[in-house]
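Report on the structure
Below are the chains, spelled out letter by letter.
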Amino acid sequence: MLSTATQRFAGPDYAGHIGTMVDITQHRRDREQGLAAQKLESLGVLAGGVAHDFNNLLGSILANSELLLADLPADAPAREGIDRINAVAVRAAEIVRELMTFAGHENPIFEPVSISSLVREMLELLKVSISKLAVIRVDLADGLPAVMANASQIRQVVMNLITNASEALGKAHGVISVSSDMRRVLRDDADTGELAEGEYVRLRVSDTGCGMTKEIQDRIFDPFFSTKFSGRGLGLAAVQGIVRSHRGAIQLTSAPGEGTCFEVLLPCAPPNARPPDEARVPEPAPATASAATTVLVVEDEEVLRAAVCKMLRKKDFIVIEAADGNAALEALRGRAAEIGVILLDMTLPGISGKQLFEELRAIRPEARVILTTAYSKEMAANALGSLEAWGFIRKPYHISDLVAMLRSAGE
Ligand SMILES: Nc1ncnc2c1ncn2[C@@H]1O[C@H](COP(=O)(O)OP(=O)(O)OP(=O)(O)O)[C@@H](O)[C@H]1O
Ligand SMILES: [Mg+2]
């Protein structure tokens, strides 16, 4: 920014100029970062709200379509359509989950992960879906330090970057290169922004595809930004959310007509890093057949509750319904001795999941509690503090999975 002022002597005679020059690059960068952080925060709030409501709605669609399927004869022509409804609901749930990942609502378990072997596994899987016109060059360093990461999220990063590279080639021949190595980041490094000083594993995915203009580059991490006919524009948004939650960074260089290179930096794990404790919610035992179990279903979303309960009754469970915390406590006080399993929605109006869980447990400590929520298992475990549930099922779920879990809980 440049500003000047003309200086004159006492009379009209020109004496000179005083000029000031201020470098506002940093100021501008700070402002952009501030705006980006704000945008992210509001998206996070939005994604959280949307996720809860949407997963209840999707759960209702899934439960009702599965109910219909159970009623129809095996050769009914309507089955095909219902199967399709089911598949669409599952896909919609995946989209919601990607949004939640982007908004940092996932809070996954981190453990030491070898990037090179993870990428090698993924390349094996992705082979079938990568463009047949692509030559793939792989240069993965062996013996790199592990990174503290969530393996399934890093798989998602690798998959999204390689899928984009393949799509960038379109119908032309080209090269996709995937490599890994180490990089030391110093405080003064110009290209690494906010990254803490230290050792990083660098993953590079580059392609000789269509490349991007500067305008496109500026928007690629925005959720729902896509230049593709059937693109959802969530791939890179999720990648960015994941990399950020790993305290890493992502950089790109790209030129239209020449290609694109994405570089992901992830901090190395300390040399003696051990896998962390498992989440506090244990895996349920495999299901086996058993006698009728009484289940208390605590769920405020009426359509979902009705369909789930109807289906459970069909499967010979004795079901007690509760639409909120009070109804749940009342039901439990009245029929405590009968109730073997409680299916507890963690987000009920008027009472926290943790509080209700504590009260239910005080009345009937013998009942096995299965928690359900749109959030991840780890988030649920965090919200409960030291409380332990018997099982966890994430919304939206297939009724068949719920039935299997309830059966083994009822044993
Ligand atoms: N390797 C690449 N080469 C050229 N353009 C790219 C590349 N990767 C991403 N882009 C651009 O960034 C946009 C956003 O990518 P992103 O992965 O987020 O969404 P998408 O691929 O369009 O859809 P999807 O949600 O299915 O991944 C793309 O539509 C494309 O314009
Ligand atoms: Mg993509």
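Residues numbered from 1 in each chain as written. Chains lettered and ligands numbered in written order. Predicted model: local features only at pLDDT ≥ 70, side-chain atom pairs only at ≥ 80, totals over all residues. Heavy atoms only, no water.

**Describing the overall build of the chain**
- Scanning the chain for helices and strands turns up 11 helices and 16 strands.
- For the chain, the C-alpha radius of gyration of 27 Å lies well beyond 22 Å, the compact-globule estimate for 411 residues.
- C-alpha atoms of the chain, sized along the principal axes, occupy 100 × 65 × 50 Å.
- Across the 411 residues that make up the chain, the buried fraction comes to 44%.
- Put simply, the chain shows about 21900 Å² of open surface, and 54% of that area lies on carbon and sulfur atoms.
- Here the chain contributes 43 positively and 53 negatively charged side chains, and the mean placements of these two sets differ by 2 Å. (Helix = DSSP H or I, 4+ residues; strand = E, 2+ residues; numbered from the N terminus. Rg over C-alpha atoms; globule rule 2.2 N^0.38 Å. Buried < 20%, exposed > 50% of the residue type's maximum accessible area, 1.4 Å probe, protein only. Areas by Shrake-Rupley, 256 points an atom, 1.4 Å probe, with all protein chains shown as cover. Lys, Arg positive; Asp, Glu negative; His and termini not counted. Charge placed at Lys NZ, Arg CZ, Asp CG, Glu CD.)

**Describing the packing of helix α8 (residues 325-335) against helix α9 (residues 353-363)**
- Contact geometry of α8 with α9 gives a least axis separation of 10 Å together with a crossing angle of 5°. As the angle between them shows, α8 and α9 are arranged roughly parallel. Between α8 and α9, the contacting residues are G325, A328, L329, L332 and R333 on the first element and L356, E359, L360 and I363 on the second.
- A breakdown of the residues in the contact of α8 with α9 according to their chemical character gives 6 nonpolar, 1 polar and 2 charged. (Axes fitted to C-alpha atoms, helices over the stretch in contact; angles between N-to-C directions. Parallel < 35°, antiparallel > 145°, perpendicular 65-115°, else oblique. Contact = heavy atoms within 4.5 Å. Nonpolar A, V, L, I, M, F, W, Y, C, P; charged D, E, K, R; others polar.)

**With respect to the site of ligand 1**
- Residues in close proximity to ligand 1 total 21 residues, the closest being N164, S226, T227, K228 and L236.
- The contact in question runs from an oxygen atom of ligand 1 to an N or O atom on the side chain of K228, over 2.6 Å.
- Between ligand 1 and the protein, one listed contact pairs an oxygen atom with a backbone N or O atom of L236 at 2.8 Å.
- Relative to its unbound accessible surface of 600 Å², ligand 1 loses 93% to contact with the protein.
- Of all the secondary structure elements, the ones that give two or more residues to the shell around ligand 1 are α4 (151-169), α6 (235-245) and β9 (259-267).
- Take the shell around ligand 1: its biggest share by element is 4 residues, from α4.
- Of the residues assigned to the shell around ligand 1, the class counts are 9 nonpolar, 8 polar and 4 charged. (Near = heavy atom within 4 Å. Polar contact = N/O pair within 3.5 Å; in protein donor to acceptor, adjacent residues only side chain to side chain.)

**Section: the UniProt feature "modified residue: 4-aspartylphosphate" (unreviewed entry) in the chain**
- In the numbering used here, UniProt assigns the "modified residue: 4-aspartylphosphate" (unreviewed entry) feature to D345.
- Of note, D345 is situated in strand β12 (residues 341-345).
- Looking at D345, the relative accessible area reads 0%, which means it is buried.
- Other than its neighbours up to four places away in sequence, D345 contacts V298, E299, D300, T372 and K395. (UniProt positions renumbered as here; feature names shortened; annotations may be inferred.)

**Thoughts on the sheet that holds strand β11 (residues 318-322)**
- Judged by pairing direction, the sheet is parallel, and its 5 strands sit side by side in the order β11-β10-β12-β15-β16 without closing on themselves. Strands with a single pairing partner mark the edges of an open sheet, and in this sheet they are β11 and β16 (391-394). Taken pair by pair, the neighbouring strands of this sheet meet at an average axis angle of 20°, ignoring direction.
- Taken together, the 4 bridges between strand β15 (residues 368-373) and β16 define a ladder with parallel strand orientation. Residue pairing for β16: T373 is matched across the bridge by R394.
- Docked against the sheet, α9 engages β10 (294-298), β12 and β15, running at close to 165° with respect to β12. (Pairing = 2+ DSSP bridges.)

**Some points on the pairing of β16**
- Both faces of β16 are covered, namely the face carrying G391 and I393 and the face carrying F392 and R394.
- The handedness of the β15 to β16 crossover, carried by helix α10 (residues 377-384), is right-handed. (Right-handed = clockwise from strand over helix to strand, strands pointing away.)

**Some remarks on the domain arrangement of the chain**
- Segmentation of the chain into domains returns domain 1 (25-102), domain 2 (111-267) and domain 3 (294-409).
- Distance between the C-alpha centres of domain 2 and domain 3: 40 Å. (Domains from an automatic or database assignment.)

**Some words on helix α3 (residues 115-126)**
- Taking 1.5 Å per residue, 12 residues should reach 16 Å; α3 reaches 16 Å between its end C-alpha atoms and fits that length.
- Regarding α3, the residues found buried are I115, S116, L118, V119, M122, L123 and L126. Looking down the long axis of α3, one finds its buried residues gathered within 160° of arc, a one-sided arrangement. Exposed positions of α3 whose direction lies more than 90 degrees from the buried face are E124 and L125. (Expected span 1.5 Å × (residues − 1). Arc of directions from axis to C-beta.)

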